[in-house]
Amino acid sequence: MRTASYVIFWAFATAVVVALITLPISLQAHLIAGTIVVGAMILLKFLRPYGVWRLIALGLGTAIVLRYVYWRTTSTLPPVNQLEDFIPGLILYLAELYNIGMLFLSLFVVAMPLPRRKSAPPLPAEAPTVDVFVPTYNEEPELLATTLSAALAMDYPAGRLTVHLLDDGGTDEKCNADNFVAASAARERRTQLQALCAGLGCTYLTRERNISAKAGNLNNGLANSSGDLIVVFDADHAPARTFLTETIGYFGQDPKLFLVQTPHFFINPDPLERNLKTFKAMPSENEMFYGIIQRGLDKWNASFFCGSAAVLRRTALQTTNGFSGRSITEDAETAITLHATGWNSVYVDKPLIAGLQPATFASFIGQRSRWAQGMMQILIYHRPMLKSGLSLPQRLCYSSSALFWLFPFVRLTFLVAPLFYLFFGLEIFTASGPEFIAYVFSYMVVNLMMQNYLYGRYRWPWISELYEFIQSVYLLPAVISVLVNPGKPTFKVTAKSEELGTRRISELGLPFFIIFAVLTLGVVATYWRTITQPYNADTTLVVGLWNILNLLMAGCALGVVSERPEGRGARRFPVKRRGQISIDGRTAPIVTENVSVDGVAIRVLSKGFDTLPVGSRGEVSFETTIAMPRDALPVRVARSASDQKGLVLGCQYEPSDPVHSRIIADLAFSDAAIWSDFQKARRQNMGVVYGTLRFLRIAVFQTSRGLSYFFGLYRFARSNAARRAAE
Amino acid sequence: MSARFLPILAAAALLPMSGLRAQEAQPREPAPFMIAPPAQQPTAPGPAERKPAEPAPATPAIPASFAFKPLLPAARVTLEGESDTRSWAFYLTQDEAGADLNLDIAFQNALVVMPEASRLTVRINGERIMESPIASSDSLRRNSTAIRKGLLRAGQNTIRFEAVQRHRTDCTVASTYELWTRIDGAGTRLSFKNPAQQSRLRSIDDLPAVGADESGQTTIHIVAPGAASAVAANSILAVAQGVALRGRYSQTTVRISERLPDRIRPGMLTVLLGTGKELRDLIGTLPAEAGTGSFIGFAAHPKFGPAALLVTGETWQDLEAIIAKLLTGPVSRPTNINRKTMGTASWHVPDAPFISDSQVLRFSELGIPTQESSGRRMRVRAVVAMPGDFYANAYGEATLYLDGAYSEILPGDSHIEIFVNGNVAATVPLNTTSGGLFQQTPITIPLRHFRPGINEIWFEAVTPAKSDLACGPGATLPGKNRFALFDTTALAIPNFAKIGVSPNLAAVAGTGFPYSITSQIALLVGRLDIPNLSAAATLLARLAQRADRPLPVDVIGSAAAIGSRPALIVGAAGQMPAGLLPRVGIADTVRSTWPQRADAVVIVPETEGTAVFDAVINRFQGRQTTPEDSGGVAPSTEAVRDRWRGSFGGLFARYFISLDRWLQRTFDLSFAQLRTPSRAPSLYEPAEGAELIAAQASDPDTRQVWTAFVVRQEEALEKNLDRLVTPGNWAGMAGKLTAFRSGQDNHVLSADSTAFVMTRPFSLANMRLVLANWMSSNIGIYALTLLAACIGLGIGTFLMLRRLGRHS
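Residues numbered from 1 in each chain as written. Chains lettered and ligands numbered in written order. Predicted model: local features only at pLDDT ≥ 70, side-chain atom pairs only at ≥ 80, totals over all residues. Heavy atoms only, no water.

Structural notes on the overall build of chain B
Threshold: Per the convention used, a helix needs a DSSP run of H or I reaching at least four residues, while a strand needs a run of E reaching at least two, with both numbered from the N terminus. Here the term buried applies to any residue with accessible area under 20% of the maximum for its type, exposed to any over 50%, and partly exposed to those in between, with areas from a 1.4 Å probe on protein chains only. Any two residues whose heavy atoms approach within 4.5 Å at even a single point are treated as in contact. Computed with a 1.4 Å probe, the accessible areas rest on the Shrake-Rupley method; for each residue, only the protein chains presented here act as cover.
When you go through chain B residue by residue, the secondary structure sums to 16 helices and 36 strands. Within chain B, the proportion of its 808 residues that are buried is 59%. Restricting to contacts in chain B with at least 6 residues of sequence separation, those with at least 24 account for 79%. A total accessible area of about 30,900 Å² is found for chain B, and carbon and sulfur atoms account for 55% of it.

A short note on the packing of aromatic side chains
Residue and element names in this part refer to chain A. The cut-off we apply is this: Centres within 6.5 Å make a pair out of two Phe, Tyr or Trp rings, where for Trp the six-membered ring is used; the pair is then stacked when the planes are under 30 degrees apart, edge-to-face when over 60, and tilted otherwise. Both a distance and an angle decide whether a charge sits over a ring: NZ of Lys or CZ of Arg must be within 6 Å of the ring centre and within 35 degrees of the ring normal.
By the definition in use, this model includes 37 aromatic pairs over all chains. Judged by centre distance (5.7 Å) and plane angle (25°), the ring pair of Phe265 and Trp675 falls under stacked. Remark: Trp675 occurs in helix 23 (residues 673-682) and Phe265 occurs in strand 7 (residues 265-266); sequence separation between them is 410 residues. There is no split in this pair, since Phe265 and Trp675 are both buried. Relative to Phe695, the ring of Trp462 lies with its centre 6.1 Å away and its plane at 25°, an arrangement referred to as stacked. Of this pair, Trp462 sits in the loop between helix 18 (433-455) and helix 19 (463-484) while Phe695 sits in helix 24 (residues 688-712); the two residues are 233 residues apart in sequence, bridging distant segments of the chain. Taken together, the ring pairs in this structure connect Tyr68, Trp71, Phe429, Phe436, Tyr439 and Tyr443 into an aromatic cluster. One cation-aromatic arrangement involves Lys45 over Tyr453; the distance from NZ or CZ to the ring centre is 5.9 Å. Over the ring of Phe279 we find Arg682, and its NZ or CZ is 5.1 Å from the ring centre.

As for the state of the cysteines
The criterion, for reference: Note that a disulfide, as used here, is simply two cysteine sulfur atoms within 2.5 Å.
As enumerated under the stated definition, the model contains 1 disulfide over all chains in all. The disulfide bridge from Cys171(B) ends at Cys471(B), spanning 1.9 Å between sulfur atoms. The sign of the S-S torsion, about 80°, decides the handedness of the disulfide formed by Cys171(B) and Cys471(B): right-handed. Remark: Cys471(B) occurs in the loop between helix 6 (466-470) and strand 26 (483-485) and Cys171(B) occurs in the loop between strand 8 (155-164) and strand 9 (180-184); sequence separation between them is 300 residues. In this structure Cys171(B) comes out as buried when scored by relative accessible area, which is 2%. Exposure remark for Cys471(B): the relative accessible area of 22% places this residue in the partly exposed category. Between Cys397(A), a free cysteine, and Cys306(A), which holds the nearest cysteine sulfur, the sulfur-to-sulfur gap is 13 Å.

Here's the deal with the nonpolar core
Filter applied, for reference: Definition of nonpolar core: a set of buried residues of the types Ala, Val, Leu, Ile, Met, Phe, Trp, Tyr and Cys, connected through side-chain atoms within 4.5 Å.
The biggest cluster of nonpolar side chains holds 208 residues, and the ones touching the most others in it are Phe361(A), Ile470(A), Phe512(A), Ile416(B), Ile445(B) and Phe459(B). Residue contacts for Ile445(B): discarding those within four places in its chain leaves Gly396(B), Glu397(B), Ala398(B), Leu400(B), Ile418(B), Val420(B), Ala425(B), Ala426(B), Phe450(B) and Leu491(B). Core analysis: the second largest hydrophobic core is formed by 77 residues, Ala153(A), Ala238(A), Phe573(A) and Ile590(A) among them.

What to know about the domain arrangement of chain A
Quick note on the threshold: An automatic or database domain assignment is the source of the domain bounds shown.
Each assigned domain of chain A is listed with its residue range as follows: domain 1 (2-111 + 406-563), domain 2 (130-359) and domain 3 (576-670). The C-alpha-based centres of domain 1 of chain A and domain 3 of chain A are spaced at 52 Å.

Some thoughts on the packing of helix 3 (residues 51-75) of chain A against helix 16 (residues 779-803) of chain B
As a reminder, the rule being used: Angles shown run from 0 to 180 degrees and are taken between the N-to-C directions of axes, each axis being a line fitted to C-alpha atoms and, for helices, limited to the stretch in contact. Here is the rule for angles: anything less than 35 degrees is roughly parallel, anything more than 145 is roughly antiparallel, 65 through 115 is roughly perpendicular, and the remaining ranges are oblique. Definitions for this section: a left-handed crossing has its near helix turned counterclockwise from the far helix by less than a right angle. A right-handed crossing has that turn clockwise. Amino acids are sorted into nonpolar (Ala, Val, Leu, Ile, Met, Phe, Trp, Tyr, Cys and Pro), charged (Asp, Glu, Lys and Arg) and polar (every other residue, Gly among them).
Two elements in contact, helix 3 of chain A and helix 16 of chain B, have axes separated by 7 Å at closest approach and are oriented at 130°. Considering their axes alone, helix 3 of chain A and helix 16 of chain B lie oblique with respect to each other. Here helix 3 of chain A runs over helix 16 of chain B; the crossing is right-handed. Between helix 3 of chain A, through Gly51(A), Val52(A), Leu55(A), Ile56(A), Gly59(A), Leu60(A), Ala63(A) and Arg67(A), and helix 16 of chain B, the contact on the second element is made entirely by Tyr782(B), Leu786(B), Leu787(B), Cys790(B), Ile791(B), Leu793(B), Gly794(B), Ile795(B), Thr797(B) and Phe798(B). Counted by class, the contact of helix 3 of chain A with helix 16 of chain B contains 13 nonpolar, 4 polar and 1 charged residues.

What about the pairing of strand 8 of chain B?
Residues and elements named next belong to chain B. So the rule is basically this: Strand pairing is defined by DSSP finding a minimum of two bridges between the two strands.
Note: strand 3 (residues 83-92) against strand 8, 10 bridges, orientation antiparallel. Across the sheet, residue Ala89 finds its bridge partner in strand 8, namely Thr158. Note that strand 5 (residues 119-124) and strand 8 share 6 bridges and pair antiparallel. Across the sheet, residue Arg119 finds its bridge partner in strand 8, namely Val164.

A short note on the interface of chain B and chain A
In plain terms, the rule: Once two parts are put together, the accessible area they lose, assessed with a 1.4 Å probe and summed over both, is termed the buried area. Salt bridge criterion: a side-chain nitrogen from Lys or Arg within 4 Å of a carboxyl oxygen from Asp or Glu.
Counting residues at the interface gives 49 residues for chain B and 55 residues for chain A. Where chain B abuts chain A, roughly 4,600 Å² becomes buried across the two surfaces, and 75% of that area is made up of carbon and sulfur atoms. When the buried surface of chain B facing chain A is broken down by residue, Phe667(B), Tyr782(B) and Arg806(B) rank first, second and third, together holding 17% of it. Joining chain B to chain A, the criterion identifies 1 salt bridge.

Side note on the confidence of the model for chain A
Our working definition: pLDDT: the predictor's confidence for each residue, scored from 0 to 100.
The share of residues in chain A with pLDDT of 70 or more is 95%, and the mean pLDDT across the chain is 88. Note on residues 714-727 of chain A: pLDDT under 50 across the span, and 26 contacts to partners over four residues away in sequence or across chains.

Things to note about the environment of Val560(A)
Residue and element names in this part refer to chain A. Turning to its location among the elements, Val560 is positioned in helix 21 (residues 537-561). Along the primary structure Val560 and Asp538 are separated by 22 residues, whereas in three dimensions their C-alpha atoms are 33 Å apart. Those residues in contact with Val560 that sit more than four places away from it in its chain are Pro271, Leu272, Asn275, Leu276, Phe361 and Ile470.

Description of the pattern of salt bridges
Residues and elements named next belong to chain A. Under the criterion given, the structure shown has 58 salt bridges over all chains. Asp349 is paired through a salt bridge with Arg116; the nearest N and O atoms lie 3.8 Å apart. Taken together, the positions of Asp349 in the loop between strand 9 (344-347) and strand 10 (353-355) and Arg116 in the loop between helix 4 (83-110) and strand 1 (130-136) put the pair 233 residues apart, joining distant regions of the chain. On the basis of relative accessible area, Arg116 is assigned to the partly exposed category, the value being 33%. Residues Lys214 and Glu330 are paired through a salt bridge, measuring 3.8 Å at the closest nitrogen-oxygen approach. Separated by 116 residues along the polypeptide, Lys214 in helix 8 (residues 213-223) and Glu330 in helix 14 (residues 330-340) bring together distant segments of the chain.

Structure (structure tokens):
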């Protein structure tokens, strides 16, 4: 009853706002009202950008956006009989409408995200049996050893947890392949992994044929196991010890719960973060998704499976014959299918796994192509907006997630649109200078502010646009190919740990340099038009400004495709553990300073170790959080330094035994709190103005860096494998 | 953008008929309320042909018939620029159409007009009658041509003047403003070879054939022996309105007397009005046609010549009945039926379409044919009419779908401009050096400068070419066509907000609104005497023409009798009863102080030559003024104040001022607009030189509109009302109060609080548009409402989302 009255009040308020907005008021009135509304938004930002105030600010922003839509629709489209203006004008208009539509969908999703769940419900008295699936295709055994060890180390009642390695690289099909070399490599891989699993104490599973890629592999796991709950970890996603205790309890609360999803936390930078050097300071790209969108989806019971770091219920999966394999994003597809049949999901906003993400631009594009194509397949096969069984909010949520991947069309339209005027003089946006200032400017300011209100702590201004821009060039053909032939794309495994030894330009970098050159010509055209057609100067300047914005974006992209050599393989986290080191028969007490999956920095607490030659080998042992059969870990000293407190050694692990992997996992992954702390340190809302200035600085610097790579080090790597990944 | 305003155009455009009085086409000339005594006129250092509006005293008093019939709707009609066209209608009786007639034309032109390349063409009913080089800069040139028999017809005929003019030496666009040819009202006429064949008005339908005098004015002389009696007043006013409506005259003056006029002039109609007994007392026996009962019709009589309109009946009731039946009845349009056109034929054909709803008007319907121009500046004119409850100034936009083409031009200097009532409403640059084609290209025209009633829209294509830069010998001669305008071009007016606003004198002037839609109007005159009645009749004749229906007036003796009717008040200040003037916003003390003031010194307009020159300079310097200055007086008070304002203050203040100016320039917006108007009612004290005040207010008790026309001195009552109804002054009425000053700007007070008058059945769509206009003129309220609504939406969303979906 109360809810109904609130809905009626909301509908009434909406009707009033829409009525006010669609009044054909004068330009002057819009200008004044717009200024006042924007002013109110700014004021609220300074006062209280939370709770009801946040929604009021978003309401104000909505008004300006709708005013823009109304104006754009009623007075800016070129006349139909001038097709050369009208067609590009219409495309630009549709692109803007898409953007605004997505803005409203996101508003719906994240208007009031569910707050982080305080503490997990306790495990049921009779703890459900859990099968952990680690699907693998071509990952290195060392990497798998870490992941499996971390999985085995998770806190859970004894005997109720089984870890399965699902190997698709050693299937019968692969082992008996016609290519002799590949077949023998597959057989060798199978043997090696079987030994690893035996050593660690987990199950090795493989299958006859590589059907349905990852979904088929997981289904094979389902067929060969019997646990109540299924946990999926990607091969490079190592869980923290608390993973199960933070998630399993929810299944006891809700018998219709099919999924508990947790965020993916990455300990290495993506190519943009690495090449722009923003990893330490700026929230990662996926934090916007896992930090706020998934929480928003969770409010509407629409949080979906992201392929890893999640717990699923076997009985639910059985109703749909396991994981869906029709699209190449089996995760989201499985989730939408189960949501549509009345199952629920929960999202736990705590990083409980640490993983690797694609390091090079090429593999990054490869991964995103898969996501984009898969989501397009879901859009085509499942039509989320019309899918029966889903609630209306769920439909909106899934539509929002799937439609998002149409952004390449829009980004590229925005990129090209100003050039229509600058190069060809086509007027695809009919507006006078004052109108442009009054409507477009207020709209852009409001758009930036709304993004900041929605995602402020999780995303810096202009960074979304940059990410979209760098993907668009390659995602556009990928998305088009799905739209033309939905069944065509097949699953390709994303390469994640790649060597980045030298500075080079990515093999996918060339188009960005071409775009940059064309946009630079656009700047020249702006200048030329201003000089030769002074009577059009105001239009030219407005369009030229837009082109310069694109140029800044393209300049940033040059920096992204100019790959820096990576200094340290993986991110280090501060971990303090006591232990001792023994080298050449000498032992000394130590304390660890920081830890990564590759190595550890230790401080020697004894005067005896004044110097140690780099390269000397020894063994380190630590106190571990779970009992280990042995606790000595072989290391090699990679560097050595002294400060006033003593000697600090940088050591690289030299694991030779599965137990060593378990020690490393225990060292690196036992405590999820440090990951949260790391994320929290990056989550600063820097505000629109400072963020924009900062973006400008990045853009100028990255442009020059990209150009210097281009002219100084013109070397396009010709890695065929990576190129295939991007197709 | 539309704030741009060119004095030269505005001065002319202020008057729907820019040629009405020749001097008004001149830029430096205010649109004055000239109350200069005729005696002063000769002292003006004006050109020789300037004549007072008074008919030449030399006109012989021919009681029977006249040898000529003036044709112009005004004392002068000016054709301006490189090409200009004017056409209007004149009316002939059966006798006149069949007579042997000559067309006499008299004109004079600017010195700079090149005779070899400039021609004046006159057409009657589409047939070319006369073509003459324009080569008479030093004196009036007179031409005369016989009109072919059969060309003229009884009833409406059209005459059309077309001028093509080229400058002798100058190729600039600015020079085209120096080109003018002035058609003289006194010398342009139909002359009868045989005066005996002349005019004989036979039926009431012949009323338009009365025509006008040399200055375009028609005088209705109502001879009513019983005029002084209260019972006669309503009939007199009804006759005045009926005759003016059915005669379709461009300017009507009503004179009432108890005796027959001394002489009869062209453009003068004598109406004998009275009971049979009264008339018999006046002229002896009545003509045979009048018989003994009620009669309306033309009759001849030795005492008043061949054609006077006789309106008689046995009693006043009979009289009223027959007036209603035969004179006013046929033109009494029901208030709920919209007219399709507004009569402008006497000065512009075709009649202005009356736009009461969304409508698309092709140029062909507006009388603009497909045409090509080889000149630098091409201008065409369209006239449209808006209803009295037009309420879309603040938000509305019309669209011109242009079909046209242009050839090689100089980009940057070339543009199309649309003027509405003399204000720039839209500018479209022509940018393609090699020319271009417009195919239904939309041009947005804000409705800001539209007003109820007649609106004049100019379409101007300015197309200088490269050859104009060199301007070699003969370069000004007509050459290659530069601009083509097709008659498929269309003006689309969207559905606009319609609601009456009071006070709004512009609506009274435009369509007689709100009197045009009321069923009973109380008329209060200062004193029930003949001058007052004449003045009221003149006013009502004008109102009836604008309203397109006779207004049902009831003459009353005191303000108390007004009751709950809308009221019109006419009189001299001294005659007004105490306490009446404050009710329309004028100070009560005015009654005694105002008439005592010394006569204002009349400022004589400057000579035309310098005026044109200044206008050109102004145009070059881009001196821009605000639309409020449309009086055309430069520099205006606003401009001077602005200049002074800019020279004071510290750095911050100057930035503020320059920001304000930028906003003004770019958005036509000023901080002043955000100020809330002071609600303190202040009563108007006439400014220096004010001779007539028109003031309107809603009566607080009855919520009915009262409009008062108050003249300073009793003696000048009729004369000042005559002045008021001349098109130039009439169109100047606006706001809640307009003070007409001799030789100076009108003083217009805009309404500080207005009330709405519902004029149509309630409809949501219309109310939305009304709201849009109101919000657009009350921007602050719009902003606050929007703000409040958004806050409501935010709170609503918060409350709703807290209950919907999951909440932890």
